[in-house]
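Here is what each chain is made of, one letter per residue.
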Amino acid sequence: MSTSTLQLLQAAFLQSWNAIVITDAKGLQVEFANPAFCAMTGYTMEELQGRTLRMLQGPDTDRAVIEHLHQCLNEARYFEGTATNYRKDGSSYLVHWNISPVRGDDGALTHFISVQQDVSAYIQSERKNRLLARALDAASDPVMLTDAAGRIIFVNTAFSHVTGYGADEAVGATPAVLRSGLHDEAFYSALYRSLAEGRDFRATFVNRRRDGSLFHAEQSISPVCDERGQVTHYVSVSKDISERVSKEQALLDAATRDPLTGLHNRRGGEKILAEAQADARKHGRPLSLLVCDIDHFKRVNDRFGHPVGDRVLRDVACMLRLAVRSRDAVIRWGGEEFVIVLDSCTEARAAELAERIRGRVDAHRDAEVGALTLSMGLATLLGGETVQQLVGRADAALYDAKRGGRNRWSVARPGSGD
Ligand SMILES: Nc1nc2c(ncn2[C@@H]2O[C@H](COP(=O)(O)OP(=O)(O)OP(=O)(O)O)[C@@H](O)[C@H]2O)c(=O)[nH]1
């Protein structure tokens, strides 16, 4: 070997970032150690030379690894392992190392060379990652991680529990699998804008489970950036608030529903009417209103008692509900009076419906009460008319029907409710 090759090998040995140590053929006494090895162990070359590396072992050094090492040395075989070692100052570190036998030209074993690496920081960060992954998995709220392209790379157990998608199905898919179709484009534009600007996006999402059912989730989506500020991932943490929403809905229903008939009550009805009027104006659609009143209802109460009167109210409510389209709102306006809001319905069609309702109720025979009839007032929204004016005209038409002999319907005249 030329002098320059030898010099090169020596420089490589001395300058290597990896710790290198060369022992005798028994693998016991140190013959050479490079500066990286000295730095890692805290011993000087002089302190190491001629001594065995057993001094690096301590109470936490894995015995099984050391036993395997001895076996390899005895059999002059390659060894690789990881164990806790101790520096001169007593502090410990995790070392991953390998040992290779070195043979002379005649094939006889002359030395062992060992290349070592302090892997404490790596193992610690691995352990921390595992701990974090376990903590995320144990979290009671659903967590989802996606890559920068929006592909799901992790979901926790709570996510699977809430959505019905197992990790194996979710990973590789996109969060679009949860889309309910109930959010408009403006919602998603706000979401994408927020994330593109590096800001968190928080909102109540209506999501769809794997079985098709819907759930409400308070969701927070945050971009995660690398050291250069490039988005690498998105983290979504959510809270299933379906229970809260259904409780709120029940409270809202209690405030806007009539407990006897299950129809909208006057409060809910007024809101529906106001919205229907605004909608009709905006889209130039016709809006008709039917005010229905049970004839001589007082007599029902007086003759059969209040509970029978209640039951009759429920039955009439049911007949009205069945007579209209699902988009039409039936409201218990008060007492024995009902209002039907007929969206996109002309006066002519509303009149047909009024006659159909009248006929059905008239043909019905109540098991206890016998015959029942309804009187109705019909009004169709006029240009510039308020909800109050519309209801006023329908009421006036109802009054006409009552005066006209009951069991009939009347159409409101313009200006009749004033
Ligand atoms: N059972 C029961 N009766 C009610 C309820 N709300 C109002 N009523 C009764 O409905 C009756 C309405 O009587 P009136 O306003 O005189 O009207 P009517 O007897 O139907 O006569 P016309 O409307 O003129 O045909 C009253 O006896 C009220 O007590 C209710 O929730 N349950």
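Provided above is the structure to which this section pertains.
Residues numbered from 1 in each chain as written. Predicted model: local features only at pLDDT ≥ 70, side-chain atom pairs only at ≥ 80, totals over all residues.

(A) Focus on the sheet that holds strand S1 (residues 19-24). The five strands lie next to each other as S2-S1-S5-S4-S3, forming an open sheet whose pairing is antiparallel. At either end of the open sheet lies a strand with only one pairing partner, and these are strand S2 (30-33) and strand S3 (79-86). Between one strand and the next, the sheet's axes are offset by a mean angle of 30°, whatever the strand orientation. Strand direction decides the pairing type here: S3 and strand S4 (residues 92-103), joined by eight bridges, are antiparallel. For Ala83, the partnering residue across the bridge sits in S4 and is Val95. Each of S3, S4 and strand S5 (109-118) is contacted by helix H4 (residues 63-74), which is oriented at about 135° to S3, the strand it contacts most. (Pairing = 2+ DSSP bridges. Helix = DSSP H or I, 4+ residues; strand = E, 2+ residues; numbered from the N terminus. Axes fitted to C-alpha atoms, helices over the stretch in contact; angles between N-to-C directions. Contact = placed C-beta atoms within 7 Å.)

(B) Expanded view of the environment of Arg332. Structurally, Arg332 is set in strand S12 (residues 329-334). On the basis of neighbour counts, which here come to 25 C-beta atoms within 10 Å, the residue Arg332 falls in the buried class. Along the primary structure Arg332 and Leu263 are separated by 69 residues, whereas in three dimensions their C-alpha atoms are 6.1 Å apart. The contact partners of Arg332, leaving out residues within four places of it in the chain, are Asp258, Thr261, Leu263, Asn265, Ala317 and Phe338. (Buried ≥ 20, exposed ≤ 12 C-beta atoms within 10 Å, placed from the backbone.)

(C) Here's a closer look at unusual backbone geometry. Residues other than glycine seldom take positive phi values, yet His296 does so here, at roughly 45°. Looking at where His296 falls in the secondary structure, it is placed in the loop between strand S11 (287-294) and helix H11 (297-304). The class for His296 is exposed, based on 12 C-beta atoms found within 10 Å. Phi angles above zero are rare outside glycine, and Ser344 is one such case at about 55°. Looking at where Ser344 falls in the secondary structure, it is placed in the loop between strand S13 (337-343) and helix H13 (347-363). The class of Ser344 is partly exposed, set by 16 C-beta atoms lying within 10 Å.

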